[in-house]
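# Architecture and fold: a report
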Amino acid sequence: MATELEDLVARYDRRAITRRQLLQGLALLMVSPHIGRDALSILPAKVADPVFRTHTINHVTLMTPNVARSKAFYQTLTGLPIRDEGTDYCEFRLDGGFLGIYEPDPGVEAGFNHFCFGIENYDPQRALAALKASVPQANPTLEGGNQVYVQDPDGVRVQFADVSYKR
């Protein structure tokens, strides 16, 4: 059992398995100390490194045909301070991010539009290349020169930007 335990911990230290998988392996060893390495093979040999290590949700974007109405609703609901506003948008300040409410362009539906992950040392060209290499099925795009977007498997738009974007 000591060898199996050491192997399990070493795999976790190398980030080859997640904390959950470590706990599953420890539980298996507790239930049957003579389980052997073969039974631990249910755990993957390696967990892929993520494309990015995100730190924040920088913002959430909602589209509305009536910005004034939505602004009043969210002010009443949350009391959030205004970060910036114009006739066709309002951005509410949040700790570490913001909630953006915008009038949609023609052809864009009202409602939830996307959310944005904040990344340290963000470089849009490197981010786009990394996403195209890692998840080409997510249709990575570069928009506005510095905003990288993908679509998750359910069609949700996800943006990537520097953690300081619009702070």
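Refer to the structure presented above.
First things first, this report covers the structure right here in the doc.

What counts, and at which threshold
Residues numbered from 1 in each chain as written. Predicted model: local features only at pLDDT ≥ 70, side-chain atom pairs only at ≥ 80, totals over all residues. Heavy atoms only, no water. Helix = DSSP H or I, 4+ residues; strand = E, 2+ residues; numbered from the N terminus. Polar contact = N/O pair within 3.5 Å; in protein donor to acceptor, adjacent residues only side chain to side chain. Phe/Tyr/Trp six-rings, centres within 6.5 Å; stacked < 30°, edge-to-face > 60°. Buried < 20%, exposed > 50% of the residue type's maximum accessible area, 1.4 Å probe, protein only. Lys NZ or Arg CZ within 6 Å of the ring centre and 35° of its normal. Salt bridge = Lys/Arg side-chain N within 4 Å of Asp/Glu carboxyl O.

On to the side chain of Q147, then. Note that Q147 resides in strand β7 (residues 147-151). Within the local environment of Q147, its side chain forms a polar contact with the side chain of Y149, the two groups lying 3.0 Å apart.

Turning next to the packing of aromatic side chains. Under the criterion given, the structure shown has five aromatic pairs. Ring geometry for Y89 versus Y102: centroids 6.3 Å apart, planes at 20 degrees, classification stacked. In this pair, Y89 sits in strand β3 (residues 89-94) while Y102 sits in strand β4 (residues 97-102), placing the two residues 13 residues apart along the sequence. Judged by its relative accessible area of 18%, Y102 falls in the buried class. A connected cluster of aromatic rings, assembled from ring pairs, spans F52, F115, F117 and F160. The side chain of R157 reaches across the aromatic face of Y149, ending 3.9 Å from its centre.

Tallying each qualifying case throughout the model produces five salt bridges. Residue R83 pairs with E91 through a salt bridge whose shortest N-O separation is 2.5 Å. According to the relative accessible area criterion, E91 is buried, its value standing at 1%. Between E143 and R157 there is a salt bridge, and its shortest N-O distance comes to 3.4 Å. Of the two residues, E143 is situated in strand β6 (residues 141-143) and R157 in strand β8 (residues 157-162); the sequence distance between them amounts to 14 residues. In this structure R157 comes out as partly exposed when scored by relative accessible area, which is 23%. In this structure, a network of salt bridges that share partners links the residues R83, D84, E91 and K166.

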